[in-house]
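Read off the chains here:
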Amino acid sequence: MEIAGWILVIILFVIGMAGAIYPILPGALAIYAAFFVYGFFISFSPFGFWFWTIQSLIVVALFIADYAVSAWGVKKYGGSRASVIGSTIGLIIGPFVIPAFGIILGPLLGAVIGELFTGAKVDKALKAGLGAVVGLFSSMVAKFIMQAAMIIIFIIWI
C-alpha cells in the first residue's frame, strides 16, 4: 500500500506542477490532494496544525494571485474590465480551440476582443492583449514558485 500511495502522491505532484503552466489542470488542488493521499496510504501523523495552516494559506494565496496577477497585467497595459473578462474566457477556451498555441493566443485574443467590445481603438485593444499575455506569464511563474514551495514543505515536513 505504501508504494501505491507514493506513486499516487508523485502523480498528483506532477499534475499539480503541470497545472502551473496549463491552467485547466487543478494545480494547487492536486498537490493539496497529494497530502491526503499520503495520509490515507501512509500516515497523517507527520501533519499537524501548522502544516495544514501553512499549506492552506499557500493554496488561498495561489487562488488570489492567479486572478490578481493576470488582471494586473491587463490593467497595467491599459485594459478595462471587459478585457480582463475576455482574457479569462480566452484562457479557458483558447487551449481547446487552438491546441498548440491557445494557451497564449486565447488570453491575447480574448482581451483584444473584450476591449474592442467597449469601443476602444485597435491599438489600445492590442496593448491590453499584450498585458494579458504578460499577466499570464507572471501568474505562471508565481504559481510555479508557490506550488514548488508546497511540495518542498511537504518533503521537509515528512
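Definitions and limits used
Residues numbered from 1 in each chain as written. Predicted model: local features only at pLDDT ≥ 70, side-chain atom pairs only at ≥ 80, totals over all residues. Heavy atoms only, no water. Helix = DSSP H or I, 4+ residues; strand = E, 2+ residues; numbered from the N terminus. Buried < 20%, exposed > 50% of the residue type's maximum accessible area, 1.4 Å probe, protein only. Contact = heavy atoms within 4.5 Å. Areas by Shrake-Rupley, 256 points an atom, 1.4 Å probe, with all protein chains shown as cover. Expected span 1.5 Å × (residues − 1). Polar contact = N/O pair within 3.5 Å; in protein donor to acceptor, adjacent residues only side chain to side chain. pLDDT = per-residue confidence, 0-100. Salt bridge = Lys/Arg side-chain N within 4 Å of Asp/Glu carboxyl O. Core = buried A, V, L, I, M, F, W, Y, C linked by side-chain atoms within 4.5 Å. Axes fitted to C-alpha atoms, helices over the stretch in contact; angles between N-to-C directions. Parallel < 35°, antiparallel > 145°, perpendicular 65-115°, else oblique. Left-handed = near helix turned anticlockwise from the far one by under 90°. Nonpolar A, V, L, I, M, F, W, Y, C, P; charged D, E, K, R; others polar.

1. Things to note about the overall build of the chain
Okay, step 1: The helix and strand inventory of the chain stands at 6 helices and 0 strands.
Okay, step 2: In the chain, the succession of α and β elements from N to C terminus is α-α-α-α-α-α.
Okay, step 3: Buried positions account for 41% of the 158 residues belonging to the chain.
Okay, step 4: Of the contacts formed within the chain by residues at least 6 apart in sequence, a portion of 65% connects residues at least 24 apart.
Okay, step 5: Carbon together with sulfur atoms contributes 80% to the accessible area of the chain, which is approximately 8500 Å² in total.

2. Structural notes on helix 5 (residues 102-117)
Okay, step 1: Its 16 residues place the ends of helix 5 21 Å apart at the C-alpha level, agreeing with the 22 Å of an ideal helix rising 1.5 Å per residue.
Okay, step 2: Burial in helix 5 covers these residues: Gly102, Ile103, Gly106, Pro107, Gly110, Ala111, Val112, Gly114 and Glu115.
Okay, step 3: Looking at the buried side of helix 5, the elements it contacts are helix 1 (2-21), helix 4 (81-97) and helix 6 (122-157).

3. What about the side chain of Gln147?
Okay, step 1: Counting through the fold element by element, Gln147 comes out in helix 6.
Okay, step 2: Overall, the relative accessible area of 2% leaves Gln147 in the buried class.
Okay, step 3: From its side chain, Gln147 meets the backbone oxygen of Gly16 in a polar contact 2.6 Å long.

4. Overview of the confidence of the model for the chain
Okay, step 1: On average, the chain scores 90 in pLDDT, and the residues at 70 or more come to 100%.
Okay, step 2: Here helix 4 is the element of the chain with the lowest mean pLDDT, 87, and helix 2 (residues 27-41) is the one with the highest, 95.

5. Considering the pattern of salt bridges
Okay, step 1: Enumeration over the complete set of coordinates arrives at 1 salt bridge.
Okay, step 2: Lys124 is paired through a salt bridge with Glu115; the nearest N and O atoms lie 3.4 Å apart.
Okay, step 3: Owing to a relative accessible area of 37%, Lys124 belongs among the partly exposed residues under this scheme.

6. Considering the nonpolar core
Okay, step 1: Ranked by internal contacts, the top residues of the largest apolar core, which has 21 residues, are Val9, Phe13, Ile31, Phe35, Met150 and Phe154.
Okay, step 2: Top element by residues in this core is helix 2. It accounts for 8 residues.
Okay, step 3: If we skip the residues at most four places from it in the chain, Met150 touches Ala28, Ile31, Tyr32, Phe35, Gln55, Ile58, Val59 and Leu62.
Okay, step 4: One finds Ala71, Val74, Ala111 and Ala132 within the second-largest nonpolar core, a separate group that totals 5 residues.

7. Quick notes on the environment of Leu8
Okay, step 1: Here Leu8 lies in helix 1.
Okay, step 2: Separated by 41 residues in sequence, Leu8 and Phe49 place their C-alpha atoms 24 Å apart.
Okay, step 3: Beyond its immediate sequence surroundings of up to four residues, Leu8 is in contact with Val37 and Phe41.

8. Overview of the environment of Ile42
Okay, step 1: Locating Ile42 in the fold gives a position in the loop between helix 2 and helix 3 (49-76).
Okay, step 2: Taking relative accessible area as the criterion, Ile42 reaches 26% and is therefore assigned partly exposed.
Okay, step 3: As a C-alpha pair, Ile42 and Pro107 span 65 residues in sequence and 41 Å in three-dimensional space.
Okay, step 4: Those residues in contact with Ile42 that sit more than four places away from it in its chain are Glu2, Trp6 and Val37.

9. Some details on the packing of helix 2 against helix 3
Okay, step 1: The interhelical angle for the contact between helix 2 and helix 3, taken along N-to-C directions, is 165°, at an axis separation of 10 Å. In terms of their interaxial angle, helix 2 and helix 3 are classed as roughly antiparallel. In this structure, helix 2 meets helix 3 at a crossing whose hand is left-handed. Counted together, Ala28, Leu29, Tyr32, Phe35 and Phe36 of helix 2 and Phe51, Trp52, Gln55, Ser56, Val59, Leu62 and Phe63 of helix 3 form the full contact between these two elements.
Okay, step 2: Taken together, the residues of the contact of helix 2 with helix 3 break down into 10 nonpolar, 2 polar and no charged.

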